[in-house]
Amino acid sequence: MNRAIPVLTVIAAVLFGTTFYMAITYADFDAALFFSQKIFYWHVPHAFMLFIATGMCGVSSLFYLKTRNTKWDDRALAAAEVAVYFGAAVLATGMIWAKAAWDHWWVWENRLTMSLILWLVLVGYVIVRRYAGASGAQLSAGLAVFGTLGIPFVYFMVNRGDNHPMPGAKGNVATLTGSMRITFWLSVLTFLFWFLAFVAMRIQSARAEREVRELREKGLDAGILT
């Protein structure tokens, strides 16, 4: 067992409790959204982790396509599954925030639409990787590279018709000050530890699953298993 996993998990749990308390009691209230703005401290950090996980999946997939080393495939699969979780959290928290702020659960603006497409690509990766048979690793690797190229579109695709704040506008991360800024970046650190713990656990289990499959195949070849 990877000894770093329990350490990462404990740190993440402690930070989560601390961040939750700070978001509710320490961070200032937004003048316009008041308490509804508090979900910001989970929505945006999850988006950051989504980008990191997707990037890890894409880079690992490139290395796998180049080297055919299965360790890169394990890392890509782990990152993709974690990215699906973070992506689902981004979409869910975003919808809750949108309903509170704009009285709409969903608006087909550029960033929201591209975020949904990116998440669906990641879901597609996991499905292909699991059920496409012997060619699944190569097909899903190509899909991961395609998904990674979508990250800049999600981050920068904001125009004047979007509900999301323009870069530098009020409500943007760069404009946070005081207790709101401290709480936000602590939340980012919190979910970074969760990301590391989840990926480490999933890589470990993916490696174990591969070893079991290889042992079974050897048993079938030797006639031990039927």
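Bear in mind that the values here come from a model prediction, so they are computed numbers and not experimental data.

So, how was this worked out
- Residues numbered from 1 in each chain as written.
- Predicted model: local features only at pLDDT ≥ 70, side-chain atom pairs only at ≥ 80, totals over all residues.
- Heavy atoms only, no water.
- Axes fitted to C-alpha atoms, helices over the stretch in contact; angles between N-to-C directions.
- Helix = DSSP H or I, 4+ residues; strand = E, 2+ residues; numbered from the N terminus.
- Parallel < 35°, antiparallel > 145°, perpendicular 65-115°, else oblique.
- Left-handed = near helix turned anticlockwise from the far one by under 90°.
- Contact = heavy atoms within 4.5 Å.
- Nonpolar A, V, L, I, M, F, W, Y, C, P; charged D, E, K, R; others polar.
- Expected span 1.5 Å × (residues − 1).
- Buried < 20%, exposed > 50% of the residue type's maximum accessible area, 1.4 Å probe, protein only.
- Arc of directions from axis to C-beta.
- Patch = residues over 30% accessible without salt bridge, like charges linked within 9 Å, V, L, I, M, F, W, Y side chains within 5 Å.
- Areas by Shrake-Rupley, 256 points an atom, 1.4 Å probe, with all protein chains shown as cover.
- Salt bridge = Lys/Arg side-chain N within 4 Å of Asp/Glu carboxyl O.

Focus: the packing of helix α3 (residues 70–102) against helix α4 (residues 110–131)
It is at 9 Å that the axes of α3 and α4 come closest, and there the two elements cross at 140°. Taken together, the axes of α3 and α4 are oblique relative to one another. The two elements α3 and α4 meet at a crossing, and its hand is left-handed. Every residue of α4 that contacts α3 at D73, A76, L77, A80, E81, A83, V84, G87, A88 and L91 is listed here: S115, L116, W119, L122, V123, Y125, V126, R129 and R130. Residue classes in the contact of α3 with α4 are distributed as 13 nonpolar, two polar and four charged.

What to know about helix α5 (residues 136–148)
Relative to the 18 Å expected for 13 residues at 1.5 Å per residue, α5 spans 18 Å between its end C-alpha atoms, a close match to the ideal helical length. Turning to α5, its buried residues number three or more, namely G136, A137, S140, A141, A144 and G147. Axial view of α5: buried residues confined to an arc of 125°, hence all on one face. Seen from the buried face of α5, the exposed residues on the opposite side, beyond 90 degrees, are L139 and F146. Of the surrounding secondary structure, the elements contacted by the buried residues of α5 are α2 (40–67), α3, α4 and α6 (151–156).

Here we look at a nonpolar patch on the surface
On the surface, I52, L189, L192 and L196 cluster together into a nonpolar patch covering about 280 Å² of accessible area. Among the elements that line the nonpolar patch, the one with the most residues is helix α7 (residues 178–221), at three residues. Among the secondary structure elements, I52 is positioned in helix α2. The class of I52 is partly exposed, set by a relative accessible area of 40%.

Points about helix α1 (residues 4–26)
The end-to-end C-alpha separation of α1 is 31 Å, in line with the 33 Å expected for 23 residues at 1.5 Å each. Turning to α1, its buried residues number three or more, namely I5, L8, A12, L15, T19, M22 and A23.

Thoughts on the pattern of salt bridges
With the rule as written, the count across this model stands at four salt bridges. Of the charged contacts, one joins R130 and E81 as a salt bridge, the two residues approaching to 3.1 Å between their closest N and O atoms. Residue R130 is found in helix α4, and its partner E81 is found in helix α3; the two are separated by 49 residues along the sequence. R130 sits in the partly exposed class, given a relative accessible area of 39%. The closest approach of N and O atoms between R202 and E81, which form a salt bridge, is 2.2 Å. In this pair, R202 is assigned in helix α7 and E81 in helix α3, connecting sequence segments 121 residues apart. For R202, a relative accessible area of 13% corresponds to the buried category. Here the salt bridges do not stand alone but share partners, grouping E81, R130 and R202 into one network.

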